[in-house]
Protein chains: 4
Amino acid sequence: MIYFNSDYTEGAHPLILERLLETNLCQTVGYGEDEYCENARNLIKKACGRNDIDVHFLVGGTQANTTVIASILKPYQAAVSTKIGHINVHETGAIEATGHKVIGLECKSDGKLSAKAVEDFYNAHWNDVTHEHQPQPKLVYISNSTENGAVYKKSELKALSEVCKKCGLYLFLDGARLGYALASPENDLTLNDLCEYCDVFYIGGTKVGALFGEAVVIINPALKEDFRYNIKQRGGMLAKGRLLGLQFETLFTDDLYFKISHHAVKLAFKIADALTENGVKFLSTPISNQIFPIFTNEVIKRIEEKYLISFWEKVDEERSAIRICTSWATKEENADKLIKDILEIIKEK
Amino acid sequence: MIYFNSDYTEGAHPLILERLLETNLCQTVGYGEDEYCENARNLIKKACGRNDIDVHFLVGGTQANTTVIASILKPYQAAVSTKIGHINVHETGAIEATGHKVIGLECKSDGKLSAKAVEDFYNAHWNDVTHEHQPQPKLVYISNSTENGAVYKKSELKALSEVCKKCGLYLFLDGARLGYALASPENDLTLNDLCEYCDVFYIGGTKVGALFGEAVVIINPALKEDFRYNIKQRGGMLAKGRLLGLQFETLFTDDLYFKISHHAVKLAFKIADALTENGVKFLSTPISNQIFPIFTNEVIKRIEEKYLISFWEKVDEERSAIRICTSWATKEENADKLIKDILEIIKEK
Amino acid sequence: MIYFNSDYTEGAHPLILERLLETNLCQTVGYGEDEYCENARNLIKKACGRNDIDVHFLVGGTQANTTVIASILKPYQAAVSTKIGHINVHETGAIEATGHKVIGLECKSDGKLSAKAVEDFYNAHWNDVTHEHQPQPKLVYISNSTENGAVYKKSELKALSEVCKKCGLYLFLDGARLGYALASPENDLTLNDLCEYCDVFYIGGTKVGALFGEAVVIINPALKEDFRYNIKQRGGMLAKGRLLGLQFETLFTDDLYFKISHHAVKLAFKIADALTENGVKFLSTPISNQIFPIFTNEVIKRIEEKYLISFWEKVDEERSAIRICTSWATKEENADKLIKDILEIIKEK
Amino acid sequence: MIYFNSDYTEGAHPLILERLLETNLCQTVGYGEDEYCENARNLIKKACGRNDIDVHFLVGGTQANTTVIASILKPYQAAVSTKIGHINVHETGAIEATGHKVIGLECKSDGKLSAKAVEDFYNAHWNDVTHEHQPQPKLVYISNSTENGAVYKKSELKALSEVCKKCGLYLFLDGARLGYALASPENDLTLNDLCEYCDVFYIGGTKVGALFGEAVVIINPALKEDFRYNIKQRGGMLAKGRLLGLQFETLFTDDLYFKISHHAVKLAFKIADALTENGVKFLSTPISNQIFPIFTNEVIKRIEEKYLISFWEKVDEERSAIRICTSWATKEENADKLIKDILEIIKEK
């Protein structure tokens, strides 16, 4: 059985394990105050082209989303997301558990939130005479790439940023799959752009080569104060914080983070192109490392005999979309095998 | 200016004030453990035809909703409501502030939640392989009358109750306007039925003759334990709890609660019938003390010169629905005046 | 049985009931935006000698404490109180339920918090290398009069205020019994002083003549924004907000609030003086409307045959302190009767 | 500079890194549902001699404490700890952030909580007429070894367990340093005993050979349901859950967990014995891998020139206690060097 169901099916990039091995018995202080973390923070600042940002390392995505959002909002304030936003549907109410409503706005099938949707919602809140009886929108949450694999264009992010600034909303970008977004042929954003347009974002490690870890980048000075208290309170302050430092040090040395992201996207496109050429339709245009081809349920059953994939959604009575995920760890030979097998199954039918 | 904008524009039914006056200097213990509260609890048990229920008095609706829901759910569990449910839109995230997501299901314009919608959602949750990544539905919240003035039929409530029992969900009925629901010509439910079908519900006083106060009725024995700790923690334990006892004593003596509710509904129908006869359309069929006639924006502007009403929603570019509310305190002469004035305005146009 | 167990055993001052009666059928908008509330706010501003303060009306003390504290603190920040502070022991964890630790500092038997205790604790926090692993102190909570009936002197409050300002801590004064504190012969504070020294405080109505109600006064501009959202979220926004306005209007007309407070303290001192003259000792010097005489357990049993009092604490195997509370409603003849009966019981032994 | 300041200054036991390397490119499903986790769970069940327990892997201690406690308590219930309990002082209010008060009882300098202290507090709560105004004690939290390095005797744990059962309290044991407790010469407990006496406990990995990870063992069937929802909500569900499985698999193969714990305690005693023989006093008797010798401040300053240790507490104006921690990774040569250097410094003085 070969896994294409997600981008966290293997351990870590070999260079990371190597680095863990070579530093294993070095002694350091805990909680992210060691030299490796310091070095990693500096490498990320350099990659962002900014010295005035704060960088913190957290273990996972739910933790990063929860810690950031809860650190920003006042009790009566809400986060605005798309309806399918990860914080709105796939974190077991982690945000609500910190006391805040997540407001899920309608979005297109690409899962992107538009500047207009945000502005309209903001205006609707403040124009309503009963606004004090409703949670106050204060933070906009987006994912890049989105839950459906799309990536934001610079113009879109800029527009969102402008609306947020105009409305006094904070813009927070969930970058669990940021590497794969930046590696998309559609992408025209840089880390430096993210620093310009977002108040806070994070660079995902868990899905992009690390054992685990997300690097939170805080740009807005108002959001920097006492962030470590928040990390500790939300259970995210790793005793051996060095492990996070060592991993991000490795990922941001010699552009490793970008190289392995490109590898994943290249293979996703190889698969997508082969399927497209053979008449397969997609739920949304393939853009990054997640692609969503549509097959008959019978074909899917056959694919699942050899491959682990994710069921995504029913399209009609006979057909469904599945998600195929590539990653830094995907072997080209497995991608080729998958293509070959799918095309064979299709032809048989 | 005459007010038809809500059902809480006056003080209390005169008999309540009288009772407060005559007991004013009697000394009692605090926190709802006095004789007046005890007597009120017994009167409500009698009205419900049940001795095995617990009755607690809270000050207001947000408090009642929050205290009940937070007392029932485990941290990872969610309340299921309609999209327009009061807890989902008009309590400034009070439920989320206790850590729980409110899941807003689609509903018809009447604002009722169907048994089928609940069952489908429940099944969707448990059939999803990632269900542990989503808040677990555990409580169903409905309002009777609904936010849009509709009332549940016995068959509908029974069906909801059966689905809830089957799925292990608790059924909670918000009765802020329960008096007006029970007084509707559409109604075929009794307080005894509510005890049969709900796990917990409350009998609204604030909008039905009291200065303030909601009587929470807990039927499910599993939900009774330590409820007073919850009340205290959520800020709902009134020092002079007697005030709540005295009010509900009065409302449940000589059927006062039902008589004044009927008065309100009778006047709402008088207005609705007169408008209907003159060709006015409604957003939804008039059913209880809230009615939602549709007028051109110009007509609305004219009405607002003399009357305070609630803007409800835009129907199209030229027309909108308003809400007209009657209550225990509405004077028939004012209802007549409103009818006369509206009909005049309409004719002029 | 005559009640001296607390200061909330009766209804409201007759003038308040009169006012409720005379306005009962006037129509107003809800949620504290009516004219009575507006007028009450202005009267309180006048009594405080300040126009630049915000005044909000809440129903009860737990609600006021919770809403104020939760509106101020960031998630990782804590409230600092005395060990016996009301928020630390008698609110069923209401503050913790909003996510914040209450840190209870040692105090003398009077229940007052000293400027030195606050400063020492603040310094200990910031000098500890692991301070990020501890909740950050940010708000100081005091009660005036305290839980043990003492009142703050102007010099003490000033010192606390200075330490708080120096340390960047907010000073919040719980005035559930503020009337009785200001009426104490020990008192040298005015409402205007409270505005000078506190960031926020409240003027208790529930225990001082009202049916219910606490008037929160916010002085620090940084704490004013969006306070009404907080009130709504915490369940404290009374639909018929007018009831709070009408009560505080009455209390702050013709100095009623101060006059009835003086009445209570005068009677407490009458009782205390009579007991002292007859050799009775007190747990702490009588200062306001709560006094804590010490009797043998046998004497207490005898007193309890005719009077409801509060057991306070064991002094030794044979003796205990009780609390005797007077209020705006205490009749002088009852105080005289109590004195007479206690002295008789003592002499018999 | 050699580190003796804590037991988390290195990476992981070499066998763990080896195992990570050899499985690195194997593909698994996420979130702890892989074979490595399954195997690790079985190994722990075997080590506990119980098949009827649930085992879950979390990343860190704050997370484990928060997730367990929040999963058990109802909103108005509190955790009872010692005054110096980790959850009471060193988790930035993480427990309170989930809504629960931590009640810190007085304890001896060893940091152990006695059965009597728990029972007395429980009785005091329920005998107080105002108990509904106080958080209800429901869970007892202890650490083994304690924050001050002591270990519970079987008789002590049995007594605590019996009191908890009698009072309807849950007993939760924080085993962040459980390996070192079980390796103490004072210890007479087994993992099987912990299953008998506790409702839930955890086996610490972070401080005992793992990169990170705590294995939560749930014995009480009432606490097992839906625990994974809690893990996800609190941010503790590691995407690559396999990493936790692989580590605990290794630690519970060939008794590695116990062997490396013994190594640490052996070296701690070597240091303690050498110091004792030379007249050094300790804050509390050395019992496990944390020892607390007392030196003059001058001596401490000299020690700190070559060694990183933890300042613990001031003993008097001239002397303080420090904490010296050994671990699975401590080299015997470094322990010897420390002894030699300290003895030299002492003699010079």
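See the structure above.
Residues numbered from 1 in each chain as written. Chains lettered and ligands numbered in written order. Predicted model: local features only at pLDDT ≥ 70, side-chain atom pairs only at ≥ 80, totals over all residues. Heavy atoms only, no water.

Asker: Is there a simple way to think about the pairing of strand 14 (residues 319–325) of chain C in this case?
Answerer: Residues and elements named next belong to chain C. In terms of burial, strand 14 is largely enclosed, as 6 of its 7 residues are buried. Where strand 10 (residues 290–291) meets strand 14, 2 bridges bridge the pair, whose relative direction is antiparallel. Considered in strand 14, the bridge of Ile291 is made with Ile324. Across 3 bridges, the pairing between strand 11 (residues 293–296) and strand 14 is antiparallel. The residue bridging Ile294 from the neighbouring strand is Ala321, located in strand 14. Relative to strand 14, strand 13 (residues 310–314) is paired through 4 bridges, and the arrangement is antiparallel. Its bridge partner lying in strand 14, Ser310 is registered against Arg323. The turn joining strand 13 and strand 14, which pair antiparallel and follow one another in sequence, is formed by 4 residues. (Buried < 20%, exposed > 50% of the residue type's maximum accessible area, 1.4 Å probe, protein only. Helix = DSSP H or I, 4+ residues; strand = E, 2+ residues; numbered from the N terminus. Pairing = 2+ DSSP bridges.)

Asker: How do you make sense of the interface of chain C and chain D when you look at a structure like this?
Answerer: Often, the extent of an interface is quoted as the loss of accessible area on bringing the components together. In this assembly, 20 residues from chain C lie in contact with 20 residues from chain D. In total, chain C and chain D occlude about 1400 Å² of area from one another, counting both sides; carbon and sulfur atoms represent 46% of this. Three residues, Thr92, Glu96 and Lys101 of chain C, lead the burial of chain C against chain D; their summed loss comes to 37% of the area buried on that side. Summed over the shared surface of chain C and chain D, the number is 2 salt bridges. For Glu96 of chain D, the salt bridge is made with Lys101 of chain C, and the minimal N-O distance between the two is 2.6 Å. Here chain C is connected to chain D by 12 residue pairs in polar contact (both at pLDDT 80 or more). When its residues are assigned to classes, the side of chain C that touches chain D shows 5 nonpolar, 9 polar and 6 charged. (Contact = heavy atoms within 4.5 Å. Buried area = accessible area lost by both parts, 1.4 Å probe. Salt bridge = Lys/Arg side-chain N within 4 Å of Asp/Glu carboxyl O. Polar contact = N/O pair within 3.5 Å; in protein donor to acceptor, adjacent residues only side chain to side chain. Nonpolar A, V, L, I, M, F, W, Y, C, P; charged D, E, K, R; others polar.)

Asker: Any chance you could explain the sheet that holds strand 8 (residues 214–218) of chain D here in plain terms?
Answerer: All names here are of chain D. The sheet built from 7 strands is open, its strands ordered 2-8-7-6-5-3-4 with mixed pairing. Whereas interior strands pair on both sides, the edge strands pair on one side only; in this sheet they are strand 2 (54–58) and strand 4 (102–105). Strand-to-strand twist in this sheet, taken as the mean axis angle between neighbours without regard to direction, amounts to 25°. Two elements, strand 2 and strand 8, share 5 bridges in a ladder whose sense is antiparallel. Across the sheet, residue Asp54 finds its bridge partner in strand 8, namely Ile218. Docked against the sheet, helix 11 (residues 242–251) engages strand 2, strand 7 (200–204) and strand 8, running at close to 115° with respect to strand 2. (Axes fitted to C-alpha atoms, helices over the stretch in contact; angles between N-to-C directions.)

Asker: I'm lost on the interface of chain D and chain A in this one. Help?
Answerer: With 44 residues of chain D in contact, the opposing surface of chain A contributes 44 residues. Across the chain D to chain A interface the summed buried area is about 4000 Å²; carbon plus sulfur atoms make up 58%. Among the residues chain D hides against chain A, the three largest losses belong to Tyr8, Gln27 and Lys240 of chain D. Together they make up 18% of the total. Where chain D touches chain A, the interface holds 0 salt bridges. Here chain D and chain A share 28 residue pairs in polar contact (both at pLDDT 80 or more) between them.

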